[in-house]
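Below are the chains, spelled out letter by letter.
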Amino acid sequence: MITGINKTFAPFQEPQDPTELATHALHQAYSTLTLYLDLGGLAALSRTSSELRNLFQGIFEETQKARDTLTVWQTLARLTRSESPQIDPQSSDNSLIDLARGFSQWCEQNQEVLSQITDLPLYKNNLQTLPPAITNLTNLRELYLSNNNLQTLPQEITNLTNLSDLSLSDNNLQTLPQEITNLTNLQRLFLSDNNLQTLPLEITNLTNLAYLRLQNNNLHTLPQEITNLTNLKILYLKNNNL
């Protein structure tokens, strides 16, 4: 039989600095086990386990964002023949998060050369997010994001108003934001092999669209206003629920 031991535990407080998350998580894991052993209470274990799940989820999301940022950073550095961060395969999550924080400053320092990039290939990188600083690519015309793990269209993309080609095929997109209407210069939009069920009405405002690929989704309806796309030459809709 487990007997209680007099111990005082500080209330759970998630650290504000992401670099402290991993250490804090280990501390909380230890505290969880100690609570269970000392108090013998499943209620306490359940409560603390829930807090731990949220904490570990936060760590995972921060680390994924850092990895995505570093991937984009390395690609841009290669295109501009600039120095890129050196990533040790054995780097801790905290190290990756710290390293990725330098991306915004790097973009500011290289604004002139970044503004000259017109073509950005980011396909097959397991990306789930894009860093906000990507909006520094003010003259970007072609953005290739196929074969990643995007579940939503990153807000940053809708600020790249000079885009003419946007490839998002083979991701996990379920919806498109209304802000897609900002991409008024878009001529080719590739959205095949996603999980789209509907299209926002705003997509019909992209009157310069000539190519729209939507095959292999879960679409069950199309906006009637799609007829507004008078410059549309090719529309692929195969393997949907229309």
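The residue count restarts for each chain, going from 1 along the sequence in the order it is written. Residue-level local features of this predicted model are given only where pLDDT is at least 70; pairs of side-chain atoms are given and counted only at 80 or more, and the full residue set underlies all totals for whole chains, interfaces and linings. Computation of side-chain values covers all heavy atoms of the structure but excludes hydrogens and water.

Quick notes on the environment of Ser95
Under the scheme used here, helices are H or I runs from DSSP no shorter than 4 residues and strands are E runs no shorter than 2 residues, and both carry numbers assigned from the N terminus. Inspection of the secondary structure puts Ser95 in helix α3 (residues 93-100). In this structure, the C-alpha to C-alpha distance between Ser95 and Ala66, residues 29 residues apart in sequence, is 9.5 Å.

Brief notes about the pattern of salt bridges
Pairs may arise between side chains of opposite charge once their charged atoms sit close together. In what follows, salt bridge is the name for a side-chain nitrogen of Lys or Arg lying within 4 Å of a carboxyl oxygen of Asp or Glu. Per the counting criterion, the structure on display carries two salt bridges. Arg101 is paired through a salt bridge with Asp98; the nearest N and O atoms lie 3.1 Å apart. In this structure Arg101 comes out as partly exposed when scored by relative accessible area, which is 43%. The classification of residues rests on relative accessible area computed with a 1.4 Å probe and restricted to protein chains. Under 20% of the type maximum is buried, over 50% is exposed, and intermediate values are partly exposed. The class of Asp98 is partly exposed, set by a relative accessible area of 39%. Note that Asp165 and Arg188 form a salt bridge whose closest N and O atoms lie 2.5 Å from each other. Of the two residues, Asp165 is situated in strand β3 (residues 165-167) and Arg188 in strand β4 (residues 188-190); the sequence distance between them amounts to 23 residues. What makes Asp165 buried here is its relative accessible area of 9%. By relative accessible area, which is 26% here, Arg188 ends up partly exposed.

Structural notes on the side chain of Asp165
A polar atom in the side chain of Asp165 sits 2.9 Å from the side chain of Ser164. Residues in contact with Asp165, not counting those within four places in the same chain, are Arg141, Glu142, Leu143, Leu186 and Arg188. For the purposes of these results, a polar contact is taken to be a pair of N or O atoms within 3.5 Å, where, inside protein, one atom must be able to donate a hydrogen and its partner to accept one; residues adjacent in sequence count only when each atom of the pair is a side-chain atom. In this description, contact between two residues means that some pair of their heavy atoms is separated by no more than 4.5 Å.

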